[in-house]
Amino acid sequence: MNTPRAVKGMNDILPHEVGRWHRLEREFRKTVESYGFGEIRTPLVEPTELFTRSIGEATDIVEKEMYTFADKGEKSLTLRPEGTASCARAYLEHTIHAREAVTRWYYMGPMYRRERPAKGRYRQFHQAGCEVYGDHGPFVDAEVIDMVVSFLERVGVKDIRVLVNSLGGPETRARYRTALLDYLAPQREKLSADSQRRLETNPLRILDSKAPEDQAIAEGAPSILDFLSEEDRKHFDLLVGTLESLGTPFEIERRLVRGLDYYSRTLFEIQGRGGELGAQNALAGGGRYDAMIEELGGPSIPAFGFALGIERLLLAMSEEAPATEDRVVILAANDRARTEATVLARALRLADHRVETDLRPTASLKSQLRRADRSGARLVLILGEDELARGVVQWKRLDADKKGEVSRDALLGQLRALLDD
RNA sequence: GUGACUGUAGCUCAGUAGGUAGAGCACUGGAUUGUGGCUCCGGUUGUCGCGGGUUCGAGUCCCGUCAGUCACCCCA
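**Observations regarding the pairing of strand β12 (residues 325-332)**
Then, number 1: The element β12 is largely enclosed, with a buried count of six among its eight residues.
Then, number 2: Direction of pairing for β12 relative to strand β13 (residues 354-357): parallel, over a ladder of four bridges. Residue Arg327 lies in a different strand from β13, and its bridge partner there is Arg354.
Then, number 3: With respect to chirality, the unit in which β12 leads through helix α12 (residues 335-350) into the neighbouring parallel β13 is right-handed.

In structure tokens form, the structure reads like this:
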């Protein structure tokens with residue numbers, strides 16, 4: 001009772017469930033590539049400093065969720081907790097900005113955050129995301145938000161809410177922060193314990209607190225949208241206008257803040273309600289981070305991006321009925337037939353068919369057939385003593401009441417027809 | 001990091017007032033003299049998470065521990 005187990009919060013994805021992952025990944029690629037995004041693959045491990053500088057020292061991710069270790073006692077490395085920082089690093093490292101004015105990248109893969117696991121939240125989880133560099137919006141912002149919505153519709157996620165807000169630039173955020181503190185300070189005692197702590201660390205996050213005692217207070221708080229500078233305001237209005245022209249369903253949520261330090265101006269989050277989704281209902285989130293590239297030591301280049309959580313999407317997606325597959329199973333009645341089955345199977349596979357055999361030396365035809373049927377295969381080829389002697393194969397369609405015989409020589413040529421008929 | 005709940009066959013679970021384990025599914029053989037999906041009959045599988053305690057006796061009670069799940073924090 002002491003066999004090794006997977007690390008807490010890190011899950012295997014078994015063959016019977018990987019089909020849904022493939023479908024999601026395929027649709028994501030298809031969608032974003034049609035918008036001109038190209039894939040980038042970056043290492044899973046990065047210098048720790050990359051994340052502390054881009055995500056922000058005071059964020060939960062950096063403060064307590066990173067898998068950080070010393071590489072042979074020297075450099076501090078960490079498992080990437082998100083994809084944006086790595087992309088920004090690669091963008092600078094390869095001086096992409098010198099090559100093209102606008103860059104559209106997408107990525108997908110595992111991310112690592114050492115949190116307590118819950119439904120829809122794991123220590124190794126998967127994100128797919130996009131980054132746009134060199135365009136300060138707001139039209140790209142709208143286009144990309146609309147792209148995410150289209151993608152979700154395409155993969156059958158229903159019942160979503162698209163929340164949009166603006167955090168303005170650094171100076172409006174500073175002015176708003178002061179105003180918010182002025183409003184909250186007198187009511188300090190009425191706030192939840194968590195929020196009293198947030199007063200010091202990140203007062204903006206009190207706005208989207210789930211604690212009931214905080215909600216009423218947050219309700220009456222000043223809105224950041226009233227503090228937007230003229231430029232910020234114009235940006236936001238154009239974003240909203242473009243989304244309306246696109247017909248994207250969205251809501252302005254002035255209390256949307258999100259936990260990463262690097263955001264400026266546009267911010268959005270897509271929440272799901274349907275399916276098996278638990279309390280973690282944020283399917284996708286992103287926004288604009290115009291200062292990040294510069295903070296990493298690069299030129300001043302605006303950026304916009306988002307990430308979506310694959311595991312959560314899978315929970316929110318409706319379950320589709322598995323169709324019978326274009327798959328062939330060869331059954332063998334005895335040892336000689338089993339040998340013949342391997343030979344025949346190879347020939348069919350060389351012709352690009354998906355072929356399975358049940359080669360267990362003791363399996364009865366009955367159990368072979370039962371297994372083939374339950375596996376969802378479409379066609380069964382039976383090699384019995386009689387058939388072997390006569391050089392024929394008996395075929396049987398599992399999804400219809402059809403069967404017949406075909407000679408071994410003619411089989412390859414007719415297989416396609418047998419499957420499609 | 002905090003809290004709640006749960007840990008019995010591969011899976012889902014039952015287990016009565018403490019008397020040393022059961023069902024369904026799955027797998028497998030047969031009824032069907034080679035031929036699935038329905039039905040019937042038979043068969044295989046368990047250190048009852050782990051350690052300790054109470055007791056003549058513990059899956060069942062107590063303590064501890066580990067693991068899982070869900071929620072909070074936060075986020076995808």
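Having seen the structure, we can now continue with the description.
**Details of the sheet that holds strand β6 (residues 124-133)**
Then, number 1: Taking strand neighbours across the sheet as the criterion, the eight strands line up as β1-β5-β6-β11-β10-β9-β7-β8 in an open arrangement whose pairing is mixed. Only two strands of the sheet have a single neighbouring strand rather than two, namely β1 (38-39) and β8 (251-252).
Then, number 2: By the bridge criterion, five bridges tie strand β10 (residues 282-288) to strand β11 (residues 303-309) in an arrangement that is antiparallel. Across the sheet, the residue bridging to Gly287 is Gly305, located in β11.

**A few points about the protein's contact with RNA strand B**
Then, number 1: Taken together, 54 residues surround RNA strand B, and among them Arg121, Arg198, Arg258, Gly259 and Arg374 come closest.
Then, number 2: Looking at RNA strand B alone, sugar and phosphate atoms form 59% of those within 4 Å of the protein.
Then, number 3: With respect to RNA strand B, the side chain of Arg198 contributes an N or O atom lying 2.2 Å from a phosphate oxygen.
Then, number 4: Here Gly384 contributes a backbone N or O atom positioned 3.0 Å from a base nitrogen of RNA strand B.
Then, number 5: For the surface near RNA strand B, the leading source of residues is helix α13 (residues 365-374), giving eight residues.
Then, number 6: In terms of residue class, the surface near RNA strand B is made up of 17 nonpolar, twelve polar and 25 charged.

**Digging into the sheet that holds β13**
Then, number 1: Reading across from one edge, β13-β12-β14-β15-β16 is the order of the five strands in this open sheet, with mixed pairing throughout. In the strand order of this sheet, the two ends are held by β13 and β16 (402-407), each with one partner. Between one strand axis and the next, the sheet turns through 25° on average, direction left out of account.
Then, number 2: The strands touched by α13 are β12 and β14 (377-383); relative to β12, the strand with the most contacts, the crossing angle is about 175°.
Then, number 3: Where helix α15 (residues 408-420) meets the sheet, its contacts fall on β12, β14, β15 (392-397) and β16, and the angle it forms with β16 comes to roughly 155°.

What counts and what doesn't
Residues numbered from 1 in each chain as written. Chains lettered and ligands numbered in written order. Predicted model: local features only at pLDDT ≥ 70, side-chain atom pairs only at ≥ 80, totals over all residues. Heavy atoms only, no water. Buried < 20%, exposed > 50% of the residue type's maximum accessible area, 1.4 Å probe, protein only. Helix = DSSP H or I, 4+ residues; strand = E, 2+ residues; numbered from the N terminus. Pairing = 2+ DSSP bridges. Right-handed = clockwise from strand over helix to strand, strands pointing away. Near = heavy atom within 4 Å. Polar contact = N/O pair within 3.5 Å; in protein donor to acceptor, adjacent residues only side chain to side chain. Nonpolar A, V, L, I, M, F, W, Y, C, P; charged D, E, K, R; others polar. Axes fitted to C-alpha atoms, helices over the stretch in contact; angles between N-to-C directions. Contact = heavy atoms within 4.5 Å.

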